[in-house]
Amino acid sequence: MTTVAFLGLGIMGAPMARHLVNAGFDVAGYNRTFAKTEALVQAGGQAAETVADAVRDADVVAVMVPDSPDVRQVLAGENGVFENAKPGTLIIDFSSIRPDVTRELADQARELGLRLLDAPVSGGQAGAENAALSIMVGGDADDFAAAAPVFEAVGKTIVHVGPSGAGQTVKAANQLIVAGNIQLLAEAVAFVEAYGVDTEAALKVLGGGLAGSKVLEQKGANMLGRSFTPGFRIELHHKDLGIVTSAAREAGVVVPLGAVVAQLMASAVANGDGGLDHSALLRGVLRLSGRDLEVSSGEEN
Ligand code: NAP
């Protein structure tokens, strides 16, 4: 299992593909916008001009694209992976998509003699850059075992959470928790700023107590500096909260705070912030509070 086709070299896919090269895999990268394959080539990988070229000789096909329709297109679409992969190929979908779509694609793959794992990740851009992702995997135990060397090259916490679709369900739960965390951190930042408190000192001490979190560690400084280059785009988190709220509804589970955060995320998209990092939820809090979006400390209270 040495040849990997990596499809989708975006914020997450590019560093993950590079780590696979460094781990000794033979990596052929495909990206819809071809120019983004350049970094992989410089790292020692190869650039493929089409999905077919990338996957034809691959033992493993890794996918990292935004949403359910994109994964469907790359796998089951015309000239996609299903049409071109050799029998037995192990497909690892790292994208965060709807669990029901994953299950449907896994069934289709099985009928074609292919194997599909859902393996969405958490840890953000920093986790991808540092090969420190948390990977939640759904699918057959044997396929999970076979994929271990790939997972170990890009992640640190790697857990098989159940059958096909289970990885996506856990990822949806992950996104619920992260969104709620970010929203409350944003509210706390707006609150201490309004009182003219030294915000860096505030986040430092908050980070050492029960309020401390990875979200605070990774996103606190972004909020204080109003630096919202993604990272993780709000429009992707909006997609994920759509998955959470509809899957929870189907299961008859009520997620009241999740529903509110989903609305606030939708508001961020509606206000033109979809392309910003999700730490820009702070802008929504500032808008609701009638505050200046650009000012990083307020003395008026
Ligand atoms: P991204 O930077 O936008 O990269 C997406 C990649 O997919 C790009 O290379 C894009 O190609 C390609 N793509 C988009 N639509 C496609 C299609 N229909 N067919 C083929 N390729 C297509 O996104 P990302 O941040 O890496 O996120 C990728 C996935 O990881 C998402 O499911 C996201 O929810 C998940 N995720 C992201 C993070 C994070 O912090 N960013 C963390 C955990 C999980 P072009 O270059 O041509 O646009």
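Residues numbered from 1 in each chain as written. Predicted model: local features only at pLDDT ≥ 70, side-chain atom pairs only at ≥ 80, totals over all residues. Heavy atoms only, no water.

**Student:** Can you help me understand the layout of surface pockets in this one?
**Tutor:** Picture a little ball the size of a water molecule; that probe, rolled over the atoms, points out where space is still empty. Reported here for the second largest pocket is a volume of approximately 260 Å³. In terms of lining residues, the second largest pocket is bounded by 15 residues, among which Pro-99, Ile-243, Val-244, Ala-247 and Ala-248 are the most central. Looking at the lining of the second largest pocket, the elements that each hand over two or more residues are α6 (99–111), α9 (166–194) and α12 (234–251). With six residues, α12 is the largest single contributor of residues to the lining of the second largest pocket. Grouping the constituent residues of the lining of the second largest pocket by class yields nine nonpolar, two polar and four charged. Counting residues domain by domain, the lining of the second largest pocket receives three or more from each of domain 1 (3–163) and domain 2 (169–288). (1 Å grid on protein atoms, 1.4 Å probe; cavity = no way out; pocket = protein on both sides within 12 Å on 5 of 7 lines; lining within 4 Å. Points joined across faces, edges and corners; volume = space filled by probe spheres on them. Helix = DSSP H or I, 4+ residues; strand = E, 2+ residues; numbered from the N terminus. Nonpolar A, V, L, I, M, F, W, Y, C, P; charged D, E, K, R; others polar. Domains from an automatic or database assignment.)

**Student:** Help me understand the site of the ligand in this model?
**Tutor:** In the vicinity of the ligand, 26 residues are found, and the nearest of them are Asn-31, Thr-33, Lys-36, Arg-233 and Lys-239. Residue Met-12 places a main-chain N or O atom 2.9 Å away from an oxygen atom belonging to the ligand. Between an oxygen atom of the ligand and a main-chain N or O atom of Gln-125, the distance comes to 3.5 Å. When the ligand sits alone it has 900 Å² of accessible area, and the protein chains cover 92% of it. (Near = heavy atom within 4 Å. Polar contact = N/O pair within 3.5 Å; in protein donor to acceptor, adjacent residues only side chain to side chain. Areas by Shrake-Rupley, 256 points an atom, 1.4 Å probe, with all protein chains shown as cover.)

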